[in-house]
Amino acid sequence: MAPGEKIKAKIRKNLPVRGPQAPTIKDLMQWYCLNTNTHGCRRIVVSRGRLRRLLWILFTLTAVALILWQCALLVISFYTVSVSIKVHFRKLDFPAVTICNMNPYKRSAVGYLLADLDKETNSALESLYGFSEAKPRERRETRSRSSAWEGTTPRFLNLIPLLVFNKDEKGKARDFFTGRKRKISGNIIHKASNVMHVQDSKKLVGFQLCSNDTSDCATYTFSSGLNAIQEWYKLHYMNIMAQVPLEKKVNMSYSAEELLVTCFFDGVSCDARNFTLFHHPMYGNCYTFNNQENATTLSTSMGGSEYGLQVILYINENEYNPYLVSSTGAKVLIHQQDEYPFIEDVGTEIETAMSTSIGMHLTESFRLSEPYSQCTEDGSDVPVTNIYNAAYSLQICLYSCFQTKMVETCGCAQYSQPLPPAANYCNYQQHPNWMYCYYQLYQAFVQEKLGCQSVCRETCSFKEWTLTTSLAQWPSEVSEKWLLNVLTWDQGQQINTKLNKTDLAKLLIFYKDLNQRSIVESPANSIEMLLSNFGGQLGLWMSCSVVCVIEIIEVFFIDSLSIIARHQWQKAKEWWARRQAPSSPEVHPRQRGQDNPALDIDDDLPTFTSAMRLPPGPGAQVPGTPPPRYNTLRLERAFSTQLTDTQLPSEP
């Protein structure tokens, strides 16, 4: 190598080249590998030997691949919005307990309203099965229908009669009441079990519902006459009771003093004053213990059956409606103080002549709202009006949505649910064909065509009681005599007959322990955890820190892009200069100075710019070196006369 080139290489090696000052990407990468904190890249450059350098390249690339893989998993885990669950235990208060008699109204009080319906049902039983109910009891009071219906006769005998269908006679059915045959048109819906095999019969029992113009009808048939009669009776029962004022229905049902014989809570005596009246359309008067209307929420001092709620209920089977209720006993529901008691859906049945013990274990759940789930905090963001005087729940939302659709479509409200504002319950007098509309709407609701299931959402926080039920015969044979006598004496002011064990039921509700299990959802991933995971992976595989990451971004993105942009800008300027230059015959430029190949042997020291081979500044003119004066190359004597002692000897 020429001496000048050696000096250039030495200067280039010793100059502090950094970042965008590097002339090429190769120089930039070499500077980065020599100065970076990531040891793998540095070892690739400084390692001696091809095998060792190749191994370091493989190690570094493997580490980079593992980092990318782990970081991708972390990002995927972060956006899966998963949750973690924490379970802890703490003491708690006693819940609200709602108790209802399975028979909503005393038959002696409501019998005159249902006289025609009972008579029609007896006729159907006698026509279909050849028997009818026993004669009315002597205590049943017979009153004129005019006093109940204000001079109008119920229309259910003509509107929705009970029909019998013979498979051999298609399109026809026989009316139970008149015995005449009717022509059946429209859809026939057979309500049979899809799971259990029902024995085929030539006769089916059902009824027909039609719209207002009677052109569109639907016929509902049942494989069992029992189901048909109960469903048919229930429809007419709701129609009749919907026209009775609420105050009158409260008086026809059971009072708290009649239903509750004895009461104990946490070892202390209680009575009807500790219960709040709650009137249910299908269960009559129900009574709630430890309701939110109480001044304070009660709590138990210990767990176990001796420290919970103990009540003895008077069922009074003689007052039961045989067609409306086929079971004897009571229903109980454990719920929150501000929760509506859906006794008909999730209530627990209490058997007579038995002692029912219910052990409770409370689980409280707290879920995260969006984006982790679709739950709602209080239902304010759900586009359904809450028609219940209770806190929001999924069940309340579904029933409110259906009741609102019922009022909009049929013009009246269904009897078993609360009334929306400015609405009335459906009845024959004002809405003769409301049953057809109700059945069609309910079928659409079950098939999720009304949109209620799509807009209603679960609550984010809720309490759930896990119940353990056990039964024991009560009272025992040895204690039956004295126990019934004492209870009869205690209830002497309320009833005038001796109590029978089939009219009584004992109920015990208690906590198995005073611990509460809480299930709390929390985000499994957060921004802080994501950053820490990234740092752990970078530190584990490449010994990087945040500063190292910033350095990588600076070198590989900012500096590299600036170099590329500078080169592209220079090319663009050269292209524009060539385009703007006037066209002229191509003339070879005159070679002068160091541009002359003949003078390549010049070993003058290079400047900083020439050593770095950096392009000249914009607009700078590089002066050309003039050709040397060749006369200066002529050797001239330093002295005019040659010294004698320096003279060369002459040639012979």
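Predicted model, so just to flag it, every value in this text is computed and none were measured.

Enquirer: Sorry, what's going on with the overall build of the protein chain here?
Expert: Along the backbone of the protein chain there are 19 helices and 19 strands. A buried classification covers 38% of the 652 residues belonging to the protein chain. For the protein chain, the share of sequence-separated contacts (at least 6 apart) that also reach a separation of at least 24 residues comes to 74%. When the accessible surface of the protein chain is totalled, it reaches about 39,700 Å², and 54% of it is carbon and sulfur.

Enquirer: Looking at this structure, how should I read the confidence of the model for the protein chain?
Expert: Here the protein chain averages 77 in pLDDT, and 71% of its residues register 70 or above. Within the protein chain, helix α7 (residues 145-149) has the poorest average pLDDT of any element, 38, and strand β2 (residues 96-101) the best, 95. This stretch, residues 192-201, has a pLDDT under 50; its non-local contacts, to residues over four places away or in other chains, come to five contacts.

Enquirer: Got a minute to help me understand the pattern of salt bridges in this structure?
Expert: When their charged atoms lie close together, side chains carrying opposite charge are able to pair. Under the counting rule described, the total for this entry stands at seven salt bridges. Two residues, D118 and R107, come together in a salt bridge whose shortest N-O distance is 3.7 Å. Taken as a pair, D118 in helix α6 (residues 115-129) and R107 in helix α5 (residues 107-110) lie far apart in primary sequence, eleven residues in all. The shortest N-O distance in the salt bridge between E480 and K501 comes to 3.8 Å. Placement of E480 in helix α16 (residues 480-490) and of K501 in the loop between α16 and β18 (504-511) is noted, with a sequence separation of 21 residues between them.

Enquirer: Is there a simple way to think about empty space enclosed by the protein in this case?
Expert: Empty space left among the atoms is revealed by rolling a probe the size of a water molecule over them. Inspection of every chain in the model, using the stated rule, returns one cavity of 30 Å³ or more. As a volume, the largest cavity reaches approximately 50 Å³. Residue composition of the lining of the largest cavity, by class: six nonpolar, two polar and one charged.

Enquirer: Even after reading the chapter, I still don't get the sheet that holds β2, so can you show me in this structure?
Expert: Remark on secondary structure: sheet strands pair via backbone hydrogen bonds, oriented parallel or antiparallel. The strand order across the open sheet formed by five strands is β11-β12-β2-β14-β15, and the pairing between neighbours is antiparallel. Only two strands of the sheet have a single partner each, and these edge strands are β11 (275-280) and β15 (348-351). Strand-to-strand, the axes of this sheet are offset by a mean angle of 30 degrees, without reference to chain direction. Direction of pairing for strand β14 (residues 329-335) relative to β15: antiparallel, over a ladder of four bridges. When the bridges of β15 are listed, K331 appears paired with E349.

Enquirer: Just checking my understanding: could you explain the packing of helix α13 (residues 394-410) against helix α14 (residues 434-446) for this structure?
Expert: Packed helix pairs are characterised by how far apart their axes lie and by the angle those axes make with each other. Two elements in contact, α13 and α14, have axes whose closest approach is 10 Å; the angle formed by their N-to-C orientations is 140 degrees. Comparing their axes, α14 and α13 come out oblique. The handedness of the crossing between α13 and α14 is right-handed. Contacts from L398, F402, K405, M406, T409 and C410 in α13 reach W434, C437, Y438, L441, Y442 and F445 in α14.

Enquirer: Could you clarify how one ought to interpret α16 in this entry?
Expert: Turning to α16, its buried residues number three or more, namely L483, L484, L487 and T488. Considered in projection along α16, the buried side chains sweep an arc of 130 degrees and stay on one side of the axis. Away from its buried face by more than 90 degrees, α16 exposes K481, W482 and W489. Those residues of α16 hidden inside the fold are in contact with β9 (260-265), β13 (309-314) and β18.

Analysis parameters
Residues numbered from 1 in each chain as written. Predicted model: local features only at pLDDT ≥ 70, side-chain atom pairs only at ≥ 80, totals over all residues. Heavy atoms only, no water. Helix = DSSP H or I, 4+ residues; strand = E, 2+ residues; numbered from the N terminus. Buried < 20%, exposed > 50% of the residue type's maximum accessible area, 1.4 Å probe, protein only. Contact = heavy atoms within 4.5 Å. Areas by Shrake-Rupley, 256 points an atom, 1.4 Å probe, with all protein chains shown as cover. pLDDT = per-residue confidence, 0-100. Salt bridge = Lys/Arg side-chain N within 4 Å of Asp/Glu carboxyl O. 1 Å grid on protein atoms, 1.4 Å probe; cavity = no way out; pocket = protein on both sides within 12 Å on 5 of 7 lines; lining within 4 Å. Points joined across faces, edges and corners; volume = space filled by probe spheres on them. Nonpolar A, V, L, I, M, F, W, Y, C, P; charged D, E, K, R; others polar. Pairing = 2+ DSSP bridges. Axes fitted to C-alpha atoms, helices over the stretch in contact; angles between N-to-C directions. Parallel < 35°, antiparallel > 145°, perpendicular 65-115°, else oblique. Left-handed = near helix turned anticlockwise from the far one by under 90°. Arc of directions from axis to C-beta.

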